[in-house]
Amino acid sequence: MTVNTTTYFTASSPVPSPDSLWWRRFFIRLRSWEYWPVYIFNLPVLGIWIWNALRARDFFFFTLTNPGIETGGFFGESKSAILDNIPDEFKPKTLLVKAGKTKENIDQLFHSSGLSYPVIAKPEVGARGWLISKIHSREELHTYLSNHPIDMILQAYVDLPLELSIMVYQTPDQRESAVTSICEKHFLQITGDGQSSIGKLIIGQDRALLQYEKLRATFGPRWDEIPTTSETIILENIGNHCRGTMFLNRNHEIDAAIAGQMIPLLRSMPDVYYGRFDMRVGSWESLRSGQDIRILEFNGTSSDPAHIYQPGYSLWKAYKAMAFHWNVMYRISKQNKRLGHRPVTFKKIISALILYFRYKRTN
């Protein structure tokens, strides 16, 4: 929560250039693997993938994990189509806005949907926080949609205190099911000491420094404001690791009550057996009792057990967790294959990849 009791100072402080911060940011990433580029962290995961593909005798075996989602949820899937399979009581109001709509069409759709500002806007097809934005007004919405002329989802902003990512799976024969990962998201923020400016606090925090260019643009007019002692300022309100959110390991919270809520929720989704629910909840108690739960989105086979990104988490344990989850996907896909489901063909995967990267490059 942000407290509006900031003290203002007019004297401006020197603003370092990104180049002058390059070495510091390099060493932050070097010593903390959670900041490594995705392609570097996933090099050993590629080996895990290949091993399971050899066992399955199919390089794209994972597409059989969730026959109810395009490519099993590995990439290119429709977020709105997945949300349609989640019971209404567990999701916020959501509106799909197709590309090419006029301002009048958008206003009419927005009004009839029952949405009100603020809303969260995100691409219908996307991943890892790409283009997600909190929209506060009609004018801001039209500017956003004009800048990104693709299918977009508008979702009511959910202001519940806990944002979680929960991994869950079940086998098609329902003999095996479990919650395997719970991650709590701690939004990128600074806390005032009564002496340091916002800019100085950002530069002094490793996690915030890695977001320097974006934060400099966002907080430029406020760069020299000095927050009061213990005042908290949220720097980024979108809960993605690549945007500075801290992921915390909450696996110790896993119990029968949470499993009793999450596994039936997964089972309510036709031909979906594995993935991660990204949600906001009122409290741990409300999660266990099935109240104040809002599912923001569901990610299939592309999802990681997000608890591994806890600061200081063992890299070996992270790869061990990844191997476990790939093995789960292998076992589920094996059962689905016996049930008559067929994996996506190589040609379709390549065509979908080309379309997906072209789509991202042009937006």
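Predicted, not measured: the structure shown is a model, and the values here were computed from it.

Basis of the calculations
- Residues numbered from 1 in each chain as written.
- Predicted model: local features only at pLDDT ≥ 70, side-chain atom pairs only at ≥ 80, totals over all residues.
- Heavy atoms only, no water.
- pLDDT = per-residue confidence, 0-100.
- Contact = heavy atoms within 4.5 Å.
- Pairing = 2+ DSSP bridges.
- Helix = DSSP H or I, 4+ residues; strand = E, 2+ residues; numbered from the N terminus.
- Axes fitted to C-alpha atoms, helices over the stretch in contact; angles between N-to-C directions.
- Buried < 20%, exposed > 50% of the residue type's maximum accessible area, 1.4 Å probe, protein only.
- Arc of directions from axis to C-beta.
- Core = buried A, V, L, I, M, F, W, Y, C linked by side-chain atoms within 4.5 Å.
- Lys, Arg positive; Asp, Glu negative; His and termini not counted.
- Salt bridge = Lys/Arg side-chain N within 4 Å of Asp/Glu carboxyl O.
- Polar contact = N/O pair within 3.5 Å; in protein donor to acceptor, adjacent residues only side chain to side chain.

### Points about the confidence of the model for the protein chain
Keep in mind that low pLDDT regions are not for reading the predicted coordinates in detail.
Next up, step 1: Chain-level statistics for the protein chain give a pLDDT mean of 88 and a share of 91% at 70 or above.
Next up, step 2: This model gives residues 1-11 a pLDDT under 50, and the stretch forms 21 contacts once residues within four places in sequence are excluded.

### Here's the deal with the sheet that holds strand E11 (residues 293-299)
Next up, step 1: Reading across from one edge, E9-E6-E5-E10-E11 is the order of the five strands in this open sheet, with antiparallel pairing throughout. Two strands lie at the open edges of the sheet, namely strand E9 (246-249) and E11, each paired on one side alone. Each neighbouring strand pair of the sheet contributes to a mean axis angle of 30°, computed without reference to strand direction.
Next up, step 2: Relative to strand E10 (residues 274-281), strand E5 (residues 162-170) runs antiparallel, the two sharing eight bridges. Bridge pairing in E10 links Ser-165 to Asp-278.
Next up, step 3: Each of E5, strand E6 (177-186), E10 and E11 touches helix H10 (residues 256-267); the most contacted strand, E5, lies at about 65° to it.

### Comments concerning the sheet that holds strand E1 (residues 94-97)
Next up, step 1: Read from one edge to the other, the open sheet built from four strands follows the order E1-E4-E2-E3, with strand pairing classed as antiparallel. The open sheet has two edge strands, E1 and strand E3 (133-135), and neither has a second partner. For this sheet the average axis-to-axis angle between neighbouring strands, irrespective of direction, equals 30°.
Next up, step 2: By the bridge criterion, five bridges tie strand E2 (residues 119-123) to strand E4 (residues 152-156) in an arrangement that is antiparallel. In the sheet register, Lys-122 faces E4, and the bridge partner there is Ile-153.
Next up, step 3: Contacts between helix H5 (residues 103-113) and the sheet are confined to E1, E2 and E4, with E1 contributing the most and set at about 165° to the helix.
Next up, step 4: Where helix H6 (residues 138-147) meets the sheet, it contacts E1, E2, E3 and E4, and its direction lies at approximately 145° from that of E3.

### So, the environment of Trp-326
Next up, step 1: Within the secondary structure, Trp-326 is located in helix H12 (residues 315-338).
Next up, step 2: For the pair Trp-326 and Leu-141, spaced 185 residues apart in sequence, the C-alpha to C-alpha distance is 39 Å.
Next up, step 3: Not counting chain neighbours up to four residues away, the residues in contact with Trp-326 comprise Val-45, Ile-48, Trp-49, Asn-52, Phe-61, Phe-62 and Phe-74.

### Observations regarding helix H9 (residues 212-219)
Next up, step 1: Three or more residues of H9 are buried, namely Tyr-212, Leu-215 and Phe-219. With its buried residues spanning 70° around the axis, H9 presents them on a single face.

### Some points on the nonpolar core
The tendency in soluble globular proteins is for nonpolar side chains to be buried side by side.
Next up, step 1: Counting residues in each nonpolar core, the largest one holds 32 residues, and the members touching the most others are Trp-33, Phe-41, Phe-61, Tyr-274, Ile-308, Met-322 and Trp-326.
Next up, step 2: Taken together, the elements giving at least two residues each to this core come down to helix H3 (43-56), E5 and H12.
Next up, step 3: Examining the composition of this core, we find that nine residues originate from one element, H12, more than from any other.
Next up, step 4: Sequence-distant contacts of Met-322, that is, excluding residues within four places in its chain, are made with Phe-41, Asn-42, Val-45, Ile-48, Asp-304, Pro-305 and Ile-308.

### Notes on unusual backbone geometry
In most cases, non-glycine residues show a negative phi, while peptide bonds are predominantly trans.
Next up, step 1: Pro-118 follows Tyr-117 through a cis peptide bond whose omega is 0°.
Next up, step 2: Structurally, the position occupied by Pro-118 is in the loop between H5 and E2.
Next up, step 3: A positive phi angle, close to 75°, is found at Ser-230, a residue other than glycine.
Next up, step 4: For Asp-292, which is not a glycine, the phi torsion comes out positive at approximately 50°.

### Some details on the side chain of Asp-58
Next up, step 1: Along the polypeptide, Asp-58 turns up in the loop between H3 and helix H4 (79-83).
Next up, step 2: Despite its burial, Asp-58 pairs with no opposite charge, the nearest such side chain being Lys-337 at 5.6 Å.
Next up, step 3: A polar atom in the side chain of Asp-58 sits 2.9 Å from the backbone nitrogen of Phe-60.
Next up, step 4: The contact partners of Asp-58, leaving out residues within four places of it in the chain, are Ala-53 and Pro-343.

### A closer look at the environment of Ile-166
Next up, step 1: As for its placement among the helices and strands, Ile-166 is situated in strand E5.
Next up, step 2: In this structure, the C-alpha to C-alpha distance between Ile-166 and Lys-317, residues 151 residues apart in sequence, is 18 Å.
Next up, step 3: Beyond its immediate stretch of four places on either side in the chain, Ile-166 contacts Val-179, Ser-181, Ile-182, Met-262, Gly-275, Arg-276, Phe-277, Met-279 and Leu-287.

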